[in-house]
Amino acid sequence: MPSSATITTTHFTKHHQSAEEKEEEEELKLLSQECKELLLSLPKEKGWRTPFLYQFQGFWCQPKEIQSIISFQKHFKSRESDVILATIPKSGTTWLKALVFAIINRRRFPPATTSDTSRNHPLLTSNPHDLVPFLEYKLYANNQVPDLSKFPDDDEPRTFATHVPYPSLEESIKKSESVKIVYLCRNPFDTLISSWHFMKILRPESLPQFSLEEAFKMYCNGIVGFGPFWEHMLGYWNESLKRPEKVLFLKYEDIKEDVVSNLKELASFLGFPFSVEEEREGVVIQEIAKLCSFDKLKELEVNKYGKAMTFSKHFENKHLFRKGEVGDWVNYLNPLMVKQLSQLMEEKFMGSGLSFKLL
Ligand code: A3P
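Residues numbered from 1 in each chain as written. Predicted model: local features only at pLDDT ≥ 70, side-chain atom pairs only at ≥ 80, totals over all residues. Heavy atoms only, no water.

A.B. asks: Teacher, can you tell me more about the pairing of strand 2 (residues 52–56) here?
C.D. replies: Sheet faces and side chains relate simply in a regular strand, where the side chains alternate between the two faces. Within strand 2, 4 of the 5 residues are buried, which leaves the element mostly enclosed by the surrounding structure. The pairing of strand 1 (residues 44–46) with strand 2 spans 3 bridges and is classified as antiparallel. In the sheet register, Lys46 faces strand 2, and the bridge partner there is Phe52. The loop that links strand 1 with its antiparallel partner strand 2 comprises 5 residues. Note: strand 2 against strand 3 (residues 59–61), 3 bridges, orientation antiparallel. Bridging from a neighbouring strand, Tyr54 pairs with Cys61 of strand 3. (Buried < 20%, exposed > 50% of the residue type's maximum accessible area, 1.4 Å probe, protein only. Helix = DSSP H or I, 4+ residues; strand = E, 2+ residues; numbered from the N terminus. Pairing = 2+ DSSP bridges.)

Encoded structure:
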């Protein structure tokens, strides 16, 4: 039986624990001791979805992500035929996963939405995140080390996704001449607005409200998951210039504008080029574009009511499909914000050759 003094102290501590501290305690519960100790040594800032973000290997991360990224870096071994899809969150990851899955598997699963065979297309019944797993959210999450050597042969090439910045990818991925990386980049204005909406939904109710003004300030200071956003984008951009056969750099806005030519480029890069016949008839390309379109995916039963196990137990797939437009930021950012973010981008991307379509 504890003494009354002990009870008072415990009670006192609990009573004065802020909502952030309580949530943080929950977040840290499942982490290894080693990871908890590491966190103590890392710079820490207020987070978007979790109470805090930590600066790990130069980028900002949630505690659980750090544990899985360490495990990924330590245990993953690439195969020559692997394909890695990389994005910063809210850049169209779900779309990219769908497109790449549909391209690579089009012989096994013809995408024609009108034919009988198409009824069995996995994208009609599974969320893209369940078809192309995230390395850090799924495979290496919760301190697990998956046995990826058992990946079935007919699943070659293995396709994985990640938000990890280029320098922090596992070494064999970077060293390999043949492992392919596809990076999808979205203009920072829309990525910011999409992230803010998404994080508001995922943020625990016990945490204080998260205003756009606050999100904007943090975003411009580089404090956003896997950011600073300019370093994330430039990391992959520069690598795509150095090794174009290894890293394909795509833009969300370009795919929106001309899906067919982007699909052709993507298919060739992946080593699954469309045949002369496929290109001449155009049906397969059009069907892939249609199958993976925002309107099609959003209306599927699995994406309206289903739950992908990737993000959290209670995560609903419908939150992955909000507007899917270019330029929605005009409805949220005031002129001063537009000026500030434009100036920041000019400064950060100057001389890199990387530019964005905002509308
Ligand atoms: P908005 O919030 O601007 O609507 P991610 O998949 O990386 O989480 O990115 C989510 C963003 O991509 C959301 O943007 C979402 O609506 C949009 N999106 C999802 N599926 C899409 C698709 N098939 N085509 C175009 N955009 C899509």
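A.B. asks: Looking at this model, I keep getting lost on the packing of helix 10 (residues 188–202) against helix 11 (residues 212–220). Mind explaining?
C.D. replies: In helix packing, the relevant descriptors are the interaxial angle and the interaxial distance, both defined with respect to the helix axes. Contact geometry for helix 10 and helix 11: axes closest at 10 Å, N-to-C directions at 130 degrees. Here helix 10 is positioned oblique relative to helix 11, judged by the angle of their axes. For the pair helix 10 and helix 11, the crossing hand works out as right-handed. Residues Pro188, Thr191, Leu192, Ile193 and Trp196 of helix 10 lie in contact with helix 11, whose contacting residues are Leu212, Ala215, Phe216 and Tyr219. Looking at the contact of helix 10 with helix 11 residue by residue, the classes come out as 8 nonpolar, 1 polar and no charged. (Axes fitted to C-alpha atoms, helices over the stretch in contact; angles between N-to-C directions. Parallel < 35°, antiparallel > 145°, perpendicular 65-115°, else oblique. Left-handed = near helix turned anticlockwise from the far one by under 90°. Contact = heavy atoms within 4.5 Å. Nonpolar A, V, L, I, M, F, W, Y, C, P; charged D, E, K, R; others polar.)

A.B. asks: What is the right way to look at unusual backbone geometry in this model?
C.D. replies: Among all residues save glycine, negative phi is the norm, and among peptide bonds the norm is trans. Here the amide bond leading from Gly227 into Pro228 is cis, since omega sits at 10 degrees, within 30 degrees of zero. Residue placement: Pro228 occurs in the loop between helix 11 and helix 12 (229–242). At Lys90, a residue that is not glycine, the phi angle is positive and equals roughly 70 degrees. Mapped onto the fold, Lys90 is located in the loop between strand 4 (83–86) and helix 5 (93–104).

A.B. asks: Explanation requested: the pattern of salt bridges in the structure shown.
C.D. replies: Oppositely charged side chains may form a pair once their charged atoms are brought near each other. This structure, assessed with the given rule, holds 20 salt bridges. Measuring nitrogen to oxygen at the nearest pair gives 2.8 Å for the salt bridge that ties Arg106 to Glu278. Highlighted residues: Arg106 in the loop between helix 5 and helix 6 (122–125) and Glu278 in helix 15 (residues 276–281), separated in sequence by 172 residues. Judged on exposure class, the residue Arg106 and its partner Glu278 are both buried. Between Asp130 and Lys138 there is a salt bridge, with the nearest N and O atoms lying 3.4 Å from each other. A relative accessible area of 27% means that Lys138 is categorised as partly exposed. Connected through salt bridges with shared partners, the residues Arg106, Arg107 and Glu278 form a single ionic network. (Salt bridge = Lys/Arg side-chain N within 4 Å of Asp/Glu carboxyl O.)

A.B. asks: In this structure, what is going on with the environment of Pro165? I would like to understand it.
C.D. replies: Checked against the element boundaries, Pro165 lands in the loop between strand 5 (159–162) and helix 9 (171–175). Taking relative accessible area as the criterion, Pro165 reaches 9% and is therefore assigned buried. Residues Pro165 and Ile181 lie 16 residues apart in sequence; the distance between their C-alpha atoms is 12 Å. Ignoring sequence-local partners within four residues, the contact set of Pro165 consists of Phe59, Phe226, His232 and Tyr236.

A.B. asks: When you look at the site of the ligand in this model, what are you seeing that I'm missing?
C.D. replies: Around the ligand, the surrounding shell holds 18 residues, and the nearest of these are Thr93, Thr94, Ser194, Lys323 and Gly324. One of the side-chain N or O atoms of Tyr252 is found 2.7 Å from a nitrogen atom in the ligand. Within the backbone of Lys323, a nitrogen or oxygen atom sits 2.6 Å from an oxygen atom of the ligand. Of all the secondary-structure elements, those providing two or more residues to the shell around the ligand are helix 5 and helix 17 (294–299). No other element matches the 3 residues that helix 5 contributes to the shell around the ligand. (Near = heavy atom within 4 Å. Polar contact = N/O pair within 3.5 Å; in protein donor to acceptor, adjacent residues only side chain to side chain.)

Geometry only, nothing functional implied.
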